[in-house]
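Letter by letter, the chains look like this.
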Amino acid sequence: MKVYGLTGGIGSGKSTASRMFRELGAEVLDADVIAREVVEPGTPGLAAVAERFPGVLGPDGRLDRTRLGARIFGDPAERAALNGLLHPRIRERFLEQAQALADAGVTRLLYDVPLLIESGLHETMAGVVLVWVPRDVQRERLMHRDGLDAAAAEARLAAQLPLDAKRAHAHWVVDNSGGLESTRAQVRDVWNQLRARD
Ligand code: ADP
């Protein structure tokens, strides 16, 4: 089975494009969803995080993401410790789900990962699809979607590799700066190319 990375930048339209791929019949695994599954109540992942970061469980026994975020914010060592607990579990769960799809006869899979290129995971993919917009459009849409002012939106953009830099690692670029129909046509085109590569 071929696994293709699907990525973008915050507010670039990755979720929008991911939905369009699914509508065309693509199997898409979402790294954010898997990252939540590995810390569901009762999982070894949650136990490991709670042991390493005492006080991050809410009264309901679920992970309090705000508290955990505050513990790692601006602290690269603590962030690395958390990633060290989560990433192997996310990888294992991804491989399990990908194997189940392969067993069911699926020949190509998209893996939707926000920080695909920052994490180096793109190196392991059969190809990378990047959802790109110019930075001013990205900032505008982010401000609108999340109710942020320009400075707050810019701070979030600054925490990621710029989309223009990600282009160098992409095999397909979906330009999402136009209307949704333009994006849908590009997604269809990429999907047809991926199907032709089986
Ligand atoms: P991401 O998943 O990359 O953070 P989203 O798919 O949530 O981005 O898109 C960011 C925002 O921009 C959302 O509010 C979405 O509805 C809007 N959006 C996405 N694509 C377009 C488009 N082609 N035209 C107008 N708005 C768009």
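None of these values were measured; they are calculated from a predicted model. (Residues numbered from 1 in each chain as written. Predicted model: local features only at pLDDT ≥ 70, side-chain atom pairs only at ≥ 80, totals over all residues. Heavy atoms only, no water.)

This brings us to the domain arrangement of the chain. When cut into domains, the chain gives domain 1 (1-27 + 107-198) and domain 2 (38-105). Computed from C-alpha atoms alone, the centre-to-centre distance between domain 1 and domain 2 is 24 Å. Listed by partner, the interface residues are 6 residues for domain 1 and 6 residues for domain 2. Around 530 Å² of area is buried between domain 1 and domain 2 when both sides are counted, 80% of it from carbon and sulfur atoms. (Domains from an automatic or database assignment. Contact = heavy atoms within 4.5 Å. Buried area = accessible area lost by both parts, 1.4 Å probe.)

What follows covers the pairing of strand β1 (residues 2-7). Taking burial as the measure, the 6 residues of β1 include 5 buried ones, the bulk of the element. Here 5 bridges tie β1 to strand β3 (residues 108-112), and the two strands are oriented parallel to one another. Along β3, the bridge assignment pairs Lys2 with Arg108. Inspection of the sheet shows β1 paired to strand β4 (residues 127-132) by 4 bridges, in the parallel sense. (Buried < 20%, exposed > 50% of the residue type's maximum accessible area, 1.4 Å probe, protein only. Helix = DSSP H or I, 4+ residues; strand = E, 2+ residues; numbered from the N terminus. Pairing = 2+ DSSP bridges.)

Within the secondary structure, Lys166 is located in helix α8 (residues 163-166). Looking at Lys166, the relative accessible area reads 0%, which means it is buried. Within the structure, Lys166 has its side chain in polar contact with the side chain of Glu118 (distance 2.9 Å). (Polar contact = N/O pair within 3.5 Å; in protein donor to acceptor, adjacent residues only side chain to side chain.)

In this structure, Ser12 sits in the loop between β1 and α1 (14-23). Here Ser12 falls in the buried class, since its relative accessible area comes to 0%. Sequence-distant contacts of Ser12, that is, excluding residues within four places in its chain, are made with Val131, Val133, Gln138, Leu163 and Asn176.

The next thing to look at is α1. Among the residues of α1, Lys14, Ala17, Ser18, Met20 and Phe21 are the ones counted as buried. Along the axis of α1, the buried residues cluster in a sector spanning 160°; they form a single face. On its buried face, α1 sits against β1, β2 (27-30), β3, β4 and α9 (180-196). A positive backbone phi angle near 100° is found at Gly25, which sits one or two residues after α1. (Arc of directions from axis to C-beta.)

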